[in-house]
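# Understanding the architecture of this molecule
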Amino acid sequence: MDETVFQSLLQKELAISTSESGRLIARAPYAYKTYSIKKANGGRRTISQPAKETKFVMRWLVDRIFSKLPIHECASAYQKGSSIKRNAITHSNNGYIAKFDFKDFFPSIKREDIETHLYQYLPKDLELDRKSISQIARLCTISTGGGRLALSVGSPASPALSNSIMFDFDTIIANWCFSNSIFYTRYADDLTFSTNRKGLSFLILEQIHNTLSEVNYPQLSINDRKTVYSSKKGHRRVTGVVINNNGKLSLGRERKRKISSMVHKSCLGVLSDDETRHLQGLLGFAKDVEPLFIIRLKNKYGKRAIQEIFNSQII
């Protein structure tokens, strides 16, 4: 078998021989561990994690190759300096908010989309031929049946690839929003638009559909059940963060009650390992969004108790 440029790179930088890389690429879409976890708002999410050796190469690809791909500035997830808080702040001073969600975001991004995008946007000085690009796309996707390969939820390559693959879509939408005094951010599959001009929010969905038809890839659809329009008259929430009428960010009463209850149970020693991990994530989120709430928890339960939760090492 002739060695491709990609395989040559693997041998040179990761000491993976041509025969080993050939086997790795061939079996990658089928070497996944799949399981499900509970969603915060009900239902279950399917997670598919690639085999250890595949995951190792994917992480190398993210640093070595995918880091050279373009990502639009409106993309507020999966990159250095991005956060849920930063995403919400963008919209905090605007009275009208519209939120949309892509249906089956990662699984909708196919191997063919990845190949097209890499060929179009990777720097030519990498000198990756079409076969190399095809191998990279195969290595980063999971078999979904019927010969179809797509990104999975749980792969270290999926965030970086999806973020860049949305570049053309983000560019068109961002330009349209700029012309109409609308702020736009995309946090993975969550699209958030905000403005102070009344009546504009209801024009956005048509523009999203027009743009999805205009771009060559990927083929995405909106989950209509998650479409939300809100204003200062009601409850404004962006990627889980509540925006008060004065423009300040808050965790919201429900989440605060949940965190406080879980901290109490932790102090009593009745939280499971999974619940403790979840609580650690919630406390980290709270520390970023509303640090005063962490101070109140420390006053109520003691600094040591909160610190012990943060420092818990769960295998």
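You'll find the structure just up there.
This section reports on the structure supplied with the text. Since we're looking at a predicted model, the values are computed, not measured.

The next point concerns the packing of aromatic side chains. Scanning all chains against the criterion turns up nine aromatic pairs. For the pair Phe102 and Phe105, a centre-to-centre distance of 5.8 Å together with 15 degrees between the ring planes defines the contact as stacked. Given the relative accessible area of 1%, Phe102 is considered buried. Consider the rings of Tyr184 and Phe193, whose centres lie 4.9 Å apart with planes at 25 degrees: the pair is stacked.

On the surface, a cluster of positive charge is made up of Lys39, Arg45, Lys103, Arg225 and Lys226. Take Arg45: it is sitting in strand β2 (residues 44-50). Taking the relative accessible area as the measure of exposure, Arg45 reaches 40% and is therefore partly exposed.

Generally speaking, soluble globular proteins have nonpolar side chains that are buried together. Ranked by internal contacts, the top residues of the largest apolar core, which has 57 residues, are Phe66 and Phe193. Per-element accounting of this core gives the leading share, five residues, to helix α8 (residues 167-179). Setting aside residues up to four positions removed in sequence, Phe66 forms contacts with Leu61, Leu118, Ile136, Cys140, Ala157, Ala160 and Leu161. Judged by nonpolar contacts, the second largest core, of 24 residues, contains Leu249, Leu283, Phe293 and Tyr301.

In this section: helix α7 (residues 158-165). An α-helix turns once every 3.6 residues. As a result, residues three or four positions apart point the same way. Burial analysis of α7 places seven of its eight residues in the buried class, the great majority of the element. Residues of α7 that are buried: Ser158, Ala160, Leu161, Ser162, Asn163, Ser164 and Ile165. Looking at the packing, one finds that the buried side of α7 touches α3 (52-64), α5 (111-121), α8 and β6 (183-187).

Tracing the backbone through its elements, the reader meets His91 in the loop between α4 (84-89) and β3 (96-101). Exposure remark for His91: the relative accessible area of 0% places this residue in the buried category. One polar contact links His91 to Ser194, side chain to side chain, over a distance of 2.6 Å. Setting aside residues no more than four positions away along its own chain, His91 makes contact with Ile97, Phe183, Tyr184, Thr185, Thr192, Phe193, Ser194, Arg236, Val238 and Ile243.

Before going further, it helps to examine the pattern of salt bridges. Inspection of the entire model under this criterion finds eight salt bridges. The salt bridge involving Arg186 is made with Asp170; its shortest N-O contact spans 2.9 Å. One end of the pair, Arg186, is in strand β6; the other, Asp170, is in helix α8, and 16 residues separate them in sequence. Asp170 shares its class with Arg186; the two are buried. Connected through shared salt-bridge partners, Lys256, Glu290 and Arg296 make up one network.

How each quantity is defined
- Residues numbered from 1 in each chain as written.
- Predicted model: local features only at pLDDT ≥ 70, side-chain atom pairs only at ≥ 80, totals over all residues.
- Heavy atoms only, no water.
- Phe/Tyr/Trp six-rings, centres within 6.5 Å; stacked < 30°, edge-to-face > 60°.
- Buried < 20%, exposed > 50% of the residue type's maximum accessible area, 1.4 Å probe, protein only.
- Patch = residues over 30% accessible without salt bridge, like charges linked within 9 Å, V, L, I, M, F, W, Y side chains within 5 Å.
- Areas by Shrake-Rupley, 256 points an atom, 1.4 Å probe, with all protein chains shown as cover.
- Salt bridge = Lys/Arg side-chain N within 4 Å of Asp/Glu carboxyl O.
- Lys, Arg positive; Asp, Glu negative; His and termini not counted.
- Charge placed at Lys NZ, Arg CZ, Asp CG, Glu CD.
- Helix = DSSP H or I, 4+ residues; strand = E, 2+ residues; numbered from the N terminus.
- Core = buried A, V, L, I, M, F, W, Y, C linked by side-chain atoms within 4.5 Å.
- Contact = heavy atoms within 4.5 Å.
- Polar contact = N/O pair within 3.5 Å; in protein donor to acceptor, adjacent residues only side chain to side chain.

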